[in-house]
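Each chain is listed here by its residues.
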Amino acid sequence: MATQHLWRAQLRSYPANGHTAFLPQIRKVVLEFCQHYPSSTNTRTFISNHLERVARQNPHIEFVVRQRNGHEPIARGFYANGRDKVIPLNKLEVTGIERKVELLMDSSGAKIRPLKGARTVESTTESARGVWSGLHVDTPFTI
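Residues numbered from 1 in each chain as written. Predicted model: local features only at pLDDT ≥ 70, side-chain atom pairs only at ≥ 80, totals over all residues. Heavy atoms only, no water.

The name given to the protein chain in an unreviewed UniProt entry is Large ribosomal subunit protein mL43, and the organism recorded there is Pisolithus tinctorius Marx 270. The Sequence similarities (unreviewed entry) comment attached to the protein chain in UniProt states, word for word, "Belongs to the mitochondrion-specific ribosomal protein mL43 family." Taken directly from UniProt, the Subcellular location (unreviewed entry) text for the protein chain runs: "Mitochondrion". (UniProt positions renumbered as here; feature names shortened; annotations may be inferred.)

Given below as structure tokens:
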């Protein structure tokens, strides 16, 4: 009887989200601000005082700071599925900016689909009892 070799590549596990592992979908966060606009004041404060702490808490995310003169401040998240999300940061306090950055980090990057008008429950098999109707009973329902 011949022995079958087990190659090392066959033992490799591929990363997947599940109950034992979590792979964050965000890859990069880009903070863009203007050096002179008053609406970028809180963004500049967040970058100088809080961004280092957030980056140390999330070493798996690349944080990039870009200066864009003449534009309002934004936070842009790039995700593993190739999509990106942009959130404006003007008129937000420093804590609000931190919440928006956390929102980008917790998001999956998937396109937001409206539930209204869509069928929310769809089954591939028929019901075991069939469709109920008041007309299928021996004594009709009366009010």
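Still more ground to cover, so stick around.
Q: Please clarify how the packing of helix H1 (residues 41-49) against helix H3 (residues 94-106) should be interpreted in this entry.
A: The contact between H1 and H3 brings their axes to 9 Å, and the two run at 70 degrees. Comparing their axes, H3 and H1 come out roughly perpendicular. Crossing angle aside, the handedness with which H1 passes H3 is right-handed. The segment H1 lies against H3, with Asn42, Thr43, Thr45 and Phe46 engaging Val94, Ile97, Glu98 and Val101. For the contact of H1 with H3, a count of residues per class yields 4 nonpolar, 3 polar and 1 charged. (Axes fitted to C-alpha atoms, helices over the stretch in contact; angles between N-to-C directions. Helix = DSSP H or I, 4+ residues; strand = E, 2+ residues; numbered from the N terminus. Parallel < 35°, antiparallel > 145°, perpendicular 65-115°, else oblique. Left-handed = near helix turned anticlockwise from the far one by under 90°. Contact = heavy atoms within 4.5 Å. Nonpolar A, V, L, I, M, F, W, Y, C, P; charged D, E, K, R; others polar.)

Q: Could you clarify how one ought to interpret the sheet that holds strand E2 (residues 62-67) in this entry?
A: Strand pairing in a sheet relies on backbone hydrogen bonds, with the paired strands running either antiparallel or parallel. Reading across from one edge, E2-E1-E3-E4 is the order of the 4 strands in this open sheet, with mixed pairing throughout. The open sheet is flanked by E2 and strand E4 (84-88), the only strands paired with a single partner. Between one strand and the next, the sheet's axes are offset by a mean angle of 15 degrees, whatever the strand orientation. Bridging between strand E3 (residues 74-79) and E4 involves 5 bridges; their strand directions are antiparallel. Each residue of the ladder has a partner; that of Ala75, found in E4, is Ile87. Packed on one face of the sheet, H1 meets strand E1 (26-33) and E2 and runs near 130 degrees to E1. (Pairing = 2+ DSSP bridges.)

Q: Explain the side chain of Asn58 to me, please; I cannot follow it from the model alone.
A: On the secondary structure map, Asn58 appears in the loop between helix H2 (51-57) and E2. By relative accessible area, which is 15% here, Asn58 ends up buried. Other than its neighbours up to four places away in sequence, Asn58 contacts Phe63 and Met105. (Buried < 20%, exposed > 50% of the residue type's maximum accessible area, 1.4 Å probe, protein only.)

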